[in-house]
Amino acid sequence: MATAAPPTSRLLHLGCGLTAPPEWLNVDGSWNAWLAQKPWLKSAGMALRVVPRSKSSVPWPTNITIADLRKRLPFPDDTFEAVYSSHLIEHLHRDAALSLLREARRVLRPGGWCRTLVPDLRKMVKDYVAGQSVNADGKPVTTRVSTNGSPAQEVPDPARAMCTRLMMRSESGPRGNALLRAYQAGLDFHSHKWMYDGPSLVHLMTEAGFVECRERRFLETEIPHLDKVEMRNRYDDGVAVEGRK
């Protein structure tokens, strides 16, 4: 991959999604971010019913650098003061997540910080064991059942709730025409591949070469402008770990 032009920001935001503040250099590799920068192709995809119309109105920022985060980052060594990602590495297989964190370390300046926020597997398991039946937004998850011929009722379903929060797979497979199914299969990056709790994330970042890795509270950091990218609703169901190069 060719190296990108020298960045103007010394703060790197990986897997930014729709959160792309100007204080950070925002990078995303999703199809939707890529299509947003190619409106003619998105229009063609919608006409062929390959791209769902629900995706057409998503207001993607224009200041996003498109890069496949499963490959070498397009930046020189020792470039950034901080690297941040939120709800990103769980979308990668563990070996790919480890490679990305090693890339984050490569592009960090000596002494720079990497902060990684992921959904917290420990919280999900505790909620399941406690019999809680809510999704990541706190809304009830139920299943409609009928017993002994009685009218169907919505009953709590903790196992279904946990599977929903794990996001390993959707409840139904790809639907629609062949092109739409192919498009949906290409979006498999959106499913979760490997989950972490605090200790396992510390281990992963240590394995990537970071030192002083430890869990951090919401916005607890020396990284400037973290409040522009770290969202409370993402942290409440997650765990954040920082490590230094």
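Remember, it's a predicted structure, so these values are computed and weren't measured experimentally.

Draft legend 1. Up close: helix α7 (residues 198-207). Every buried residue of α7 is accounted for by Gly198, Leu201, Val202, Leu204 and Met205. For α7, the buried positions fall inside an angular range of 160° around the axis, keeping them on one side. Once α7 finishes, Gly209 follows within two positions and takes phi at roughly 110°, a positive value.

Draft legend 2. The arrangement of empty space enclosed by the protein in detail. By the definition in use, this model includes three cavities of 30 Å³ or more. Lining the second largest cavity are Met124, Asp127, Tyr128, Gln132, Val134, Pro158, Ala161, Met162 and Arg165. Taken together, the elements giving at least two residues each to the lining of the second largest cavity come down to α4 (121-129) and α5 (158-166). When its residues are assigned to classes, the lining of the second largest cavity shows six nonpolar, one polar and two charged.

Draft legend 3. Region of the structure containing α5. Taken together, the buried positions of α5 are occupied by Ala161, Met162, Arg165 and Leu166. What you see down the axis of α5 is that its buried residues fit within an arc of 135°, all on one side. As for α5, its buried residues are in contact with α4. Remark: Met167 follows α5 within two positions and exhibits a positive phi of approximately 55°.

Draft legend 4. Summary view of the nonpolar core. In this structure, Leu12, Leu14, Ile89 and Phe210 are the most contacted members of the largest nonpolar core, which totals 32 residues. Counting only elements with at least two residues in this core, the list comes to β1 (11-14), β2 (25-28), β4 (80-86), α3 (94-107), β5 (108-119), α7 and β9 (238-244). Of all hydrophobic cores here, the second largest spans eleven residues; its members include Trp113, Leu117, Ile223 and Leu226.

Draft legend 5. Summary view of the packing of aromatic side chains. Scanning the model with the defined rule gives three aromatic pairs in all. With 5.2 Å between their ring centres and 90° between their planes, Phe75 and Phe80 make a pair best called edge-to-face. Here Phe75 matches Phe80 in class, with each residue buried. Directly above the ring of Tyr235 sits Lys123, whose terminal nitrogen or CZ lies 5.8 Å from the centroid. Sitting over the face of the ring of Trp113, Arg216 holds its NZ or CZ atom 5.8 Å from the ring centroid.

Reading the values: the criteria
Residues numbered from 1 in each chain as written. Predicted model: local features only at pLDDT ≥ 70, side-chain atom pairs only at ≥ 80, totals over all residues. Heavy atoms only, no water. Buried < 20%, exposed > 50% of the residue type's maximum accessible area, 1.4 Å probe, protein only. Helix = DSSP H or I, 4+ residues; strand = E, 2+ residues; numbered from the N terminus. Arc of directions from axis to C-beta. 1 Å grid on protein atoms, 1.4 Å probe; cavity = no way out; pocket = protein on both sides within 12 Å on 5 of 7 lines; lining within 4 Å. Points joined across faces, edges and corners; volume = space filled by probe spheres on them. Nonpolar A, V, L, I, M, F, W, Y, C, P; charged D, E, K, R; others polar. Contact = heavy atoms within 4.5 Å. Core = buried A, V, L, I, M, F, W, Y, C linked by side-chain atoms within 4.5 Å. Phe/Tyr/Trp six-rings, centres within 6.5 Å; stacked < 30°, edge-to-face > 60°. Lys NZ or Arg CZ within 6 Å of the ring centre and 35° of its normal.

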